[in-house]
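Below are the chains, spelled out letter by letter.
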Amino acid sequence: MARPPVKGALIHYHEIALKGKNRGFFLKQLEANLQLATSDLDCGPLRRPAGRLFLTMGEETSWEALRQRLSRVFGIANFSPAFTMAPNLEMLAKQIEEEISGRSFRSFRVAARRAFKTFPQTSQEINEMIGARVKHISGASVDLTNPDLTIYIELLPAEAFVYFEKLSGPGGLPVGTSGTVACLLSGGIDSPVAAYRMMRRGCRVVFVHFHSQPFADRTSQEKAIELVRLLTRYQFASRLYLVPFGEIQQEVVSRVTGRLRVLVYRRLMLRIAEQIGIKEGAQALVTGESLGQVSSQTIENIATIEQASTLLILRPLIGMDKDEITLQAQQIGCYDVSIIPDQDCCSMFLPRQVATRTTHHEVEFAERPLDLERLVAQGLSPAHSLELSFPGR
Ligand code: ATP
Ligand code: MG
């Protein structure tokens, strides 16, 4: 007896990124991430038919729920609600007739592709044969350039996939294939976007937030937690470190001249984040800096700040302007949280004048009265970490 069609998601990944020796490694990670992203949905098994992935959908799963999850799994180029069945043209035609009976369309095209050229008919012959049947039962006309409905057919030796729409995936590389980075996450607009961009390049991101409790309320920490919760939808498990920075800042205020303080704060943040990063196995730190956006982000100041850490520092937003970053924050879903007013620790204890052109030597000199080692330890020891996961457990 012919096997009945099976419903699921047909997933195409970025061939180029996944080519070569690392292909197996990337695919394994992509599969693991797909399993995590859908762990609370009635889905599976996940199979790997030649060059694509197919995730069977259980009866209970709504396509909308699955669509949302898949739209956040990096490494997916595009995906479709599809069905799979035996690669028999007559049976395919019958099933397609049934599937389109509830759809209204005035024009259509059939787009058949053979993954292996051993199939007896050419793609063109398949298009014509299925096309004639569809035309006959629907009365719709064939339109190859702008049809209302496209019937996609992918033929493999042992099965055929059929679908009617292709949705864009988030692209990028599967999280976990590019190592770990530690992102300095403020409650602002930029750093969550920076974290997102690193995840999209395959990094697992650990988060470090500096707050000013007891001098400020808990808002900035609550924002950081909420932002990490939103970002965790893209990497499924996250760790967030909350570092009390207020007392450290107070000490800086009492010993460092006003115009250099922001730089000294930032350098201390980097030193503390570096220690956390090393403990977490991070290969780099990430910030949301964008060149020239504020006075602490002139090229001279960025260079001065960066000297404080020996870890590689990545700044994925360096060449973006605020409008581009804002748009991306909205797309990721972080923007509304980022704009909640809070008392950012760096805007507290801040003088009116901030030096825009500093040198490493000047700031090192200004740091001399500080016991840097003690201050770093002072930030690290009470720092505590939270674990977040998605889907929530
Ligand atoms: P953001 O929108 O990310 O707050 P920003 O444009 O406000 O960035 P700055 O305040 O100069 O820029 O901060 C530059 C970067 O330093 C931030 O993107 C972030 O990576 C890091 N940073 C600043 N404040 C904090 C904080 N309180 N905790 C953790 N990281 C911070
Ligand atoms: Mg900020």
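Thresholds, definitions, all that
- Residues numbered from 1 in each chain as written.
- Chains lettered and ligands numbered in written order.
- Predicted model: local features only at pLDDT ≥ 70, side-chain atom pairs only at ≥ 80, totals over all residues.
- Heavy atoms only, no water.
- Near = heavy atom within 4 Å.
- Polar contact = N/O pair within 3.5 Å; in protein donor to acceptor, adjacent residues only side chain to side chain.
- Areas by Shrake-Rupley, 256 points an atom, 1.4 Å probe, with all protein chains shown as cover.
- Helix = DSSP H or I, 4+ residues; strand = E, 2+ residues; numbered from the N terminus.
- Nonpolar A, V, L, I, M, F, W, Y, C, P; charged D, E, K, R; others polar.
- Buried < 20%, exposed > 50% of the residue type's maximum accessible area, 1.4 Å probe, protein only.
- Pairing = 2+ DSSP bridges.
- Contact = heavy atoms within 4.5 Å.
- Arc of directions from axis to C-beta.
- Phe/Tyr/Trp six-rings, centres within 6.5 Å; stacked < 30°, edge-to-face > 60°.
- Axes fitted to C-alpha atoms, helices over the stretch in contact; angles between N-to-C directions.
- Parallel < 35°, antiparallel > 145°, perpendicular 65-115°, else oblique.
- Left-handed = near helix turned anticlockwise from the far one by under 90°.

1. A look at the site of ligand 1
Step number 1: The environment of ligand 1 is formed by 21 residues, the closest being Leu184, Ser186, Asp190, Arg266 and Gln293.
Step number 2: The separation between an oxygen atom of ligand 1 and a polar main-chain atom of Ile189 is 3.1 Å.
Step number 3: Measuring from an oxygen atom of ligand 1, one finds a backbone N or O atom of Gly288 at 3.0 Å.
Step number 4: Its free accessible area being 570 Å², ligand 1 has 91% of it covered by the protein chains.
Step number 5: Among the elements that take part in the shell around ligand 1, strand β11 (residues 204-211) stands out by supplying three residues, more than any other.
Step number 6: For the shell around ligand 1, a count of residues per class yields eight nonpolar, nine polar and four charged.

2. A word on the pairing of strand β7 (residues 149-155)
Step number 1: Within β7, seven of the seven residues are buried, which leaves the element mostly enclosed by the surrounding structure.
Step number 2: Burial along β7 is two-sided: the face carrying Leu149, Ile151, Ile153 and Leu155 and the face carrying Thr150, Tyr152 and Glu154 are both buried.
Step number 3: Across seven bridges, the pairing between strand β5 (residues 107-114) and β7 is parallel. By the bridge assignment for β7, Phe108 is matched with Leu149.
Step number 4: Pairing geometry for β7 and strand β8 (residues 160-163), over four bridges, is antiparallel. Looking at the pairing, Ile153 lines up with Val162 of β8.
Step number 5: What sits between the antiparallel neighbours β7 and β8 is a turn of four residues.

3. Digging into the side chain of Gln328
Step number 1: Considering the arrangement of structural elements, one finds Gln328 in helix α10 (residues 322-332).
Step number 2: Residue class for Gln328 comes out buried when judged on its relative accessible area of 14%.

4. Some details on the environment of Leu240
Step number 1: When you line up the elements, Leu240 lands in strand β12 (residues 237-244).
Step number 2: As a C-alpha pair, Leu240 and Arg229 span eleven residues in sequence and 9.7 Å in three-dimensional space.
Step number 3: Discounting chain neighbours no more than four positions away, the residues touching Leu240 are Phe207, His209, Ala224, Ile225, Val228, His384, Ser385, Leu386 and Leu388.

5. Overview of helix α9 (residues 299-306)
Step number 1: Among the residues making up α9, those that are buried are Asn301, Ile302, Thr304 and Ile305. Taken around the axis of α9, the buried residues stretch over an arc of 160 degrees, which confines them to a single face.
Step number 2: Close packing links the buried residues of α9 with α8 (261-279) and α12 (360-367).

6. Notes on the packing of aromatic side chains
Step number 1: Under the defined criterion, the tally for this structure stands at ten aromatic pairs.
Step number 2: Residues Trp63 and Phe79 carry aromatic rings whose centres are separated by 6.1 Å and whose planes lie at 45 degrees to one another, so their mutual orientation is tilted. Here the residue Trp63 occupies a position in helix α2 (residues 63-70), and Phe79 occupies one in strand β4 (residues 76-85), the gap between them amounting to 16 residues.
Step number 3: Since its relative accessible area comes to 1%, Phe79 is described here as buried.
Step number 4: Seen from their ring centres, Tyr152 and Tyr163 are 4.8 Å apart, and the 15 degrees between their planes marks the pair as stacked. One end of the pair, Tyr152, is in strand β7; the other, Tyr163, is in strand β8, and eleven residues separate them in sequence. The residues Tyr152 and Tyr163 share a single accessibility class, namely buried.
Step number 5: By way of ring pairs, the aromatic residues Phe74, Tyr196 and Tyr234 are connected into one cluster.

7. Here's the deal with the packing of α8 against α9
Step number 1: Interaxial distance between α8 and α9 falls to 9 Å at its minimum, and their mutual angle equals 40 degrees. Classified by the angle their axes make, α8 and α9 are oblique. Crossing handedness for the pair α8 and α9: right-handed. The residues of α9 that touch α8, namely those facing Leu263, Arg266, Arg267 and Leu270, are Asn301, Thr304, Ile305 and Glu306.

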